[in-house]
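Survey of secondary and tertiary structure
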Amino acid sequence: MSGLTTKYLLCCDWGTSFFRLRLTNLYDHQCTGELISREGIAGTFDAWRKTGAATGMSRDNFFRRQLKKQINALGRQLAMNLLNIPVVISGMASSSIGMEEVPYAVLPFALDGSQSSIRHFDPQPDFPHELMLISGVRSGQDVMRGEETQLIGLVTLLTLSGEKTREAIFVFPGTHSKHMYVRDGQLISFDTYMTGELFDLMAHHSILKDSVDLIDLTDFSAPNVLAFRQGVQQATASGILNGLFTIRTNQLFDTFTKAENAFYLSGLLIGTELLPLLAEKGWPLVLCSGSKLTGFYELAIRELNLADRATTIPADLIDQAASRGQAMLFRNQTLKEITR
Ligand SMILES: Nc1ncnc2c1ncn2[C@@H]1O[C@H](COP(=O)(O)OP(=O)(O)OP(=O)(O)O)[C@@H](O)[C@H]1O
Ligand SMILES: O=C(O)C(=O)C[C@@H](O)[C@H](O)CO
């Protein structure tokens, strides 16, 4: 099926921790159906090493098979036949631990998508979908995969709603949070912070796992908020290695309950991530978070007195950003093929 004739696109944002697949209508950009699972790239790569590699299955075939399973599940969920619908993937699928490694685009990176690094795959008998794999962007010392496509989509959505952002730092929280410096329609630099991954590791796999309780991270009651704010303050007072140990002493000295301590850990890590923004005085900040993390980042921004130059993009717009960017890159590619 050519990009000109298809009404639908299967938009896949395959991140380190999560897999997200959306059936998107290319005409009105409505999401017809969505499937989200915890089968992110890191877990899928581990599964390939444990089972696929042992049985001689190539990495790309293993990943394609996993993807096909998810497409079939979405088809069942929607009672629709999704055969032949083109698939566009951004995120970690194009990384060294993904389906197939695709080289990064470089900075400065135009946010109209014209410089994106993309690889095409023809349909195969056991994978009857045209496939477009979008690669990430690199600087001299940092990399990203996925957030550049979200940023392309978000800038399009903001432009459509009349917003013009000439210069700003876009903060994308997550497993590997990104601070992206944008000027005049170009991404000019960015920094990665392992905030979400460290939160997970500390809360589940370190000595601190017995000092925190993640049972209800949606409970922004006064004691939890106070603990979070103290975590942010701790980030300003000591280095992270010393700060982390205070989570154990908080528990030993009964300073906080384990639930409050989880908020303290979050404040400590998010505060540490946002600290460098204090020095970026001239830069407006744009918080681009999904609903799960928005409340935490807004609190930290206020606690660090950054609120007067920060705006928050509504979480529902962030939800649409990746598929909007993917659809735009798919159209760009189709037009290129026609004019070639
Ligand atoms: N309160 C919190 N404070 C800090 N980090 C958190 C908190 N709650 C969840 N996290 C972390 O946030 C990450 C999940 O957030 P999100 O769904 O935005 O991830 P993501 O970066 O989009 O995932 P992927 O890498 O798969 O695309 C996980 O790494 C998790 O450990
Ligand atoms: O390109 C890679 O190999 C990365 O590890 C990038 C990663 O940080 C993503 O941008 C967010 O998960």
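Residues numbered from 1 in each chain as written. Chains lettered and ligands numbered in written order. Predicted model: local features only at pLDDT ≥ 70, side-chain atom pairs only at ≥ 80, totals over all residues. Heavy atoms only, no water.

Per an unreviewed UniProt entry, the protein carries the name 2-keto-3-deoxy-galactonokinase and comes from Fibrisoma montanum.

**A word on the packing of helix α4 (residues 195-205) against helix α7 (residues 258-274)**
Packing of α4 against α7 brings their axes to within 10 Å, and their N-to-C directions diverge by 150°. Comparing their axes, α7 and α4 come out roughly antiparallel. The hand of the α4/α7 crossing is right-handed. Residues Thr195, Leu198, Phe199, Met202 and Ala203 of α4 form the contact with α7, whose own contacting residues are Ala262, Leu265, Ser266, Leu269, Ile270 and Glu273. Here the contact of α4 with α7 is built from residues that sort into 8 nonpolar, 2 polar and 1 charged. (Axes fitted to C-alpha atoms, helices over the stretch in contact; angles between N-to-C directions. Helix = DSSP H or I, 4+ residues; strand = E, 2+ residues; numbered from the N terminus. Parallel < 35°, antiparallel > 145°, perpendicular 65-115°, else oblique. Left-handed = near helix turned anticlockwise from the far one by under 90°. Contact = heavy atoms within 4.5 Å. Nonpolar A, V, L, I, M, F, W, Y, C, P; charged D, E, K, R; others polar.)

**Description of the domain arrangement of the protein**
Per the domain assignment, the segments of the protein are domain 1 (8-166 + 316-339) and domain 2 (192-315). The partner domain 2 presents 8 residues to the 9 residues of domain 1 that form the contact. Each partner contributes to the roughly 690 Å² buried at the junction of domain 1 and domain 2, and carbon and sulfur atoms together form 59% of this total. The three residues of domain 1 that bury the most area against domain 2 are Asp142, Asp316 and Ile318, which together make up 53% of that side's buried surface. (Domains from an automatic or database assignment. Buried area = accessible area lost by both parts, 1.4 Å probe.)

**As for the side chain of Gln66**
The residue Gln66 is located in helix α2 (residues 59-78) in this model. Sequence-distant contacts of Gln66, defined by excluding residues within four places in its chain, comprise Trp14, Glu39 and Thr44.

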